[in-house]
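What follows is the residue order along each chain.
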Amino acid sequence: MLRVGLISDTHGLLRPEAKSFLQGSHYIVHGGDIGHPSILQELAALAPVTAVRGNNDHGSWADALRETDSLRVGEVFVFAIHDLAQLDIDPGAAGIRVVVSGHSHRPRIEERDGVLYVNPGSSGPRRFTLPGSIGDLSIDGRSVSARIVELACRNAA
C-alpha cells in the first residue's frame with residue numbers, strides 16, 4: 001500500500017497539523033498556490049514532492065514550476081493541475097486514474113468515467129467559512145481510495 005499526501009492552497013502557510021498529517025507519505029502532491037518556496041522545501045523533507053504552479057504563485061521560484069505535472073505511483077498515474085477548469089485533456093483516455101487540483105478551496109472527491117478527481121481543499125490561511133483541509137490517496141496495485149480530513153487548526157490565520 002502506497003500513500004500519497006495531497007495538499008493545496010497553502011498560500012505561504014504550512015500548518016503544523018498539515019505537516020503532521022503528511023508524515024509517513026511515500027509521495028506528496030501540492031495542487032498549487034504554494035505561496036513561498038520554503039513550503040516546498042519543508043514538504044520535500046517529508047517525501048518526494050510533485051507541485052504545480054497556482055495563479056497566486058509568482059517569482060523565479062514559481063516560474064520553475066509547471067502548470068501541470070504527473071507522477072506514477074505503483075500502477076496508477078496521478079495528474080496535478082491547479083484549476084480544474086483549465087484541464088484540457090481527457091484524463092481517462094490518457095491513462096490517468098487520479099486528477100488532483102486546488103484553486104477553489106473546496107474539498108471534494110468525485111469519480112467520473114473511471115477517473116478520481118480530488119481537491120484536498122485549502123490547508124493555508126482560512127478563506128471565508130471554508131474549513132482547512134488536507135487529503136491523501138491510498139494506492140494498492142490499480143486500486144485507489146481517497147480521503148479528505150478537516151484540519152483542527154489552532155488559529156484562523
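Residue numbers here run from 1 along each chain, matching the order of that chain's written sequence. Selection of residues for local features in this predicted model requires a pLDDT of at least 70, selection of side-chain atom pairs for listing and counting requires 80 or more, and totals for whole chains, interfaces and linings are taken over all residues. In computing side-chain properties, one takes all heavy atoms of the structure into account and sets aside hydrogens as well as water.

Enquirer: Which residues make up the overall build of the protein, and what values go with them?
Expert: Here a strand is any run of E in DSSP of at least two residues, a helix any run of H or I of at least four, and the numbering for each starts at the N terminus. Helix and strand counts for the protein come out as three helices and ten strands. Each helix (α) and strand (β) of the protein, taken in turn from the N terminus, gives the series β-α-β-α-β-α-β-β-β-β-β-β-β. Put simply, the radius of gyration uses C-alpha atoms, and a globule should come to 2.2 Å times the residue count raised to 0.38. Taken over the C-alpha trace, the protein has a radius of gyration of 14 Å; the compact-globule value for 157 residues is 15 Å, and the two agree within 12%. With the C-alpha coordinates aligned to their principal axes, the bounding extent of the protein is approximately 40 × 30 × 30 Å. Within the protein, the proportion of its 157 residues that are buried is 46%. Whether two residues are in contact is decided by their heavy atoms: any pair within 4.5 Å suffices. In the protein, of all internal contacts separated by at least 6 residues, the share reaching a separation of at least 24 is 45%. Total accessible area on the protein stands at roughly 7,600 Å², and carbon and sulfur atoms take up 47% of it. Throughout this description, buried means an accessible area under 20% of the type-specific maximum (1.4 Å probe, protein chains only), exposed means over 50%, and partly exposed covers the range between. Exposure was quantified through the Shrake-Rupley algorithm and a 1.4 Å probe, taking into account, for residues, occlusion by the shown protein chains and nothing else.

Enquirer: For the sheet that holds strand S4 (residues 68-73), give the residues involved together with the corresponding values.
Expert: Two strands make a pair as long as DSSP finds a minimum of two bridges between them. In space, the five strands of this open sheet follow the order S4-S5-S6-S8-S7, with mixed pairing throughout. One side of each edge strand has no neighbouring strand; the edge strands of this open sheet are S4 and strand S7 (108-112). Across this sheet, the average inter-strand angle for adjacent strands is 20 degrees, counted without regard to direction. As defined by bridge partners, strand S5 (residues 76-81) adjoins strand S6 (residues 98-100) across three bridges and the pair is classed as parallel. Think of each axis as a best-fit line through the C-alpha atoms, taken over the contacting stretch in the case of a helix, with angles from 0 to 180 degrees between the N-to-C directions.

Enquirer: Lay out the side chain of Asp-83 with the relevant residues and their values.
Expert: For Asp-83, the position within the fold is in the loop between S5 and S6. Buried within the structure, Asp-83 lacks any salt-bridge partner; its nearest side chain of opposite charge belongs to Arg-112, at an N-O separation of 11 Å. By the criterion applied in these results, polar contacts are pairs of N or O atoms within 3.5 Å in which, for protein atoms, one can donate a hydrogen and the other can accept it, and in which residues neighboring in sequence qualify only through two side-chain atoms. Here the side chain of Asp-83 touches Ala-85 through a polar contact of 3.0 Å, landing on its backbone nitrogen. In this charge count, Lys and Arg are treated as positive and Asp and Glu as negative; neither His nor the chain ends contribute. Each reported salt bridge corresponds to a side-chain nitrogen of Lys or Arg within 4 Å of a carboxyl oxygen of Asp or Glu.

Enquirer: Which residues make up the sheet that holds strand S10 (residues 143-150), and what are the values?
Expert: Pairing within the open sheet is mixed, and its five strands lie in the order S3-S2-S1-S9-S10. In this open sheet, the two strands that pair with only one neighbour each are strand S3 (49-51) and S10. Pairwise comparison of adjacent strand axes, ignoring direction, gives a mean angle of 20 degrees for this sheet. The pairing of strand S1 (residues 2-7) with strand S9 (residues 133-140) spans five bridges and is classified as antiparallel. Paired with Leu-6 across the strands is Gly-135, a residue of S9. Those strands touched by helix H2 (residues 37-44) are S1, strand S2 (27-30) and S3, and its axis lies near 150 degrees from that of S3.

Enquirer: Lay out the side chain of Ser-101 in plain terms, naming residues and giving numbers.
Expert: Here Ser-101 shows up in the loop between S6 and S7. Look past the residues within four positions of Ser-101 in its chain and what remains in contact with it is Ser-8, Gly-31, Ile-81, His-82, Leu-84, Val-118, Asn-119 and Pro-120.

In short, geometric facts, not functional conclusions.
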